[in-house]
Amino acid sequence: QVQLVESGGGLVQAGGSLRLSCAASGFTFSSYGMGWFRQAPGKERELVAAISWWNGGVKYGATSVKGRFTISRDNAKNTVYLQMNSLKPEDTAVYYCAATQRRYSDHVDEYDYWGQGTQVTVSS
């Protein structure tokens, strides 16, 4: 069956770094766009970054993460990564990876599969 398993979350001080990983199985990973979303308490789930299956093109959702976060994928390992640097308290959220049959997408409802999420907490 389809599985997306996130790892790498945790507690970090402001200014620190974390690298999230999402291991995929049960579908043809190289044919799916992959996205990282986050959801803070009381807020809607929002796109952090997405990467195309087609040419590796990327897009970043929240303008606040540009220049600090980097999404990448390794099709040989069926894994997508999110490198997060210069973390801020406002980055605190549950981070989810997701897969879409589209090239990539900003929209939650255009993703077909979701992981269970990993908590990232940034202390000030």
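What comes next concerns the included structure. (Residues numbered from 1 in each chain as written. Predicted model: local features only at pLDDT ≥ 70, side-chain atom pairs only at ≥ 80, totals over all residues. Heavy atoms only, no water.)

### Things to note about the state of the cysteines
Under the definition given, this model contains one disulfide. The side chain of C22 participates in a disulfide bridge whose partner is C97; the two sulfur atoms lie 1.9 Å from each other. With C22 in strand β3 (residues 18–25) and C97 in strand β9 (residues 93–100), the pair connects residues that are 75 residues apart, well separated along the chain. Since its relative accessible area comes to 0%, C22 is described here as buried. Residue classification places C97 among the buried residues on the basis of a relative accessible area of 0%. (Disulfide = S-S within 2.5 Å. Helix = DSSP H or I, 4+ residues; strand = E, 2+ residues; numbered from the N terminus. Buried < 20%, exposed > 50% of the residue type's maximum accessible area, 1.4 Å probe, protein only.)

### Focus on the nonpolar core
Core analysis: the biggest nonpolar cluster contains 29 residues, and W36, V80, L82, M84 and Y95 have the highest contact counts within it. Elements supplying a minimum of two residues to this core: β3, β4 (33–39), β5 (46–51), β7 (69–74), β8 (79–84), β9 and β11 (118–123). In contact with V80, other than residues within four places in its own chain, are L20, S21, C22, F29, M34, W36, I51, I71, S72, R73 and C97. Formed by five residues, the second largest nonpolar core is a distinct cluster that contains F37, L47, A50 and A98. (Core = buried A, V, L, I, M, F, W, Y, C linked by side-chain atoms within 4.5 Å. Contact = heavy atoms within 4.5 Å.)

### Some remarks on the environment of Y60
Among the structural elements, Y60 can be located in strand β6 (residues 58–60). Spatially, the C-alpha atom of Y60 lies 19 Å from that of Y113, the residues being 53 residues apart in sequence. Once residues within four sequence positions are removed from consideration, Y60 is found in contact with V48, A49, V65, K66, F69, T70 and I71.

### Quick notes on the environment of S123
Tracing the backbone through its elements, the reader meets S123 in strand β11. Among the residues examined, S123 registers a relative accessible area of 25% and is labelled partly exposed. Taking the C-alpha atoms as reference points, S123 and K88, 35 residues apart in sequence, are found 7.8 Å from one another. Sequence-distant contacts of S123, that is, excluding residues within four places in its chain, are made with L11, V12, Q13 and A14.

### Quick look at unusual backbone geometry
Positive phi outside glycine occurs at N78, with the angle close to 50°. Among the structural elements, N78 can be located in the loop between β7 and β8. Even without glycine at this site, S86 takes up a positive phi of about 50°. Topologically, S86 is positioned in the loop between β8 and β9.

### Here's the deal with the environment of K59
Looking at where K59 falls in the secondary structure, it is placed in strand β6. Placed 10 residues apart in sequence, K59 and A49 show a C-alpha to C-alpha distance of 5.6 Å. Not counting residues up to four positions away in its chain, the partners in contact with K59 are V48, A49, A50, Y104 and D106. A polar side-chain atom of K59 sits 2.5 Å from a polar atom in the side chain of D106. (Polar contact = N/O pair within 3.5 Å; in protein donor to acceptor, adjacent residues only side chain to side chain.)

### Overview of the sheet that holds β7
Hydrogen bonds between backbone groups are what pair the strands of a sheet, and the pairing can be parallel or antiparallel. The four strands lie next to each other as β1-β3-β8-β7, forming an open sheet whose pairing is antiparallel. Each edge of the open sheet carries a strand with a single partner, namely β1 (3–7) and β7. Strand-to-strand twist of the sheet, defined as the mean angle between neighbouring strand axes without regard to direction, takes the value 15°. Judged from the six bridges that link them, β3 and β8 form a sheet pairing that is antiparallel. By the bridge assignment for β8, R19 is matched with Q83. (Pairing = 2+ DSSP bridges. Axes fitted to C-alpha atoms, helices over the stretch in contact; angles between N-to-C directions.)

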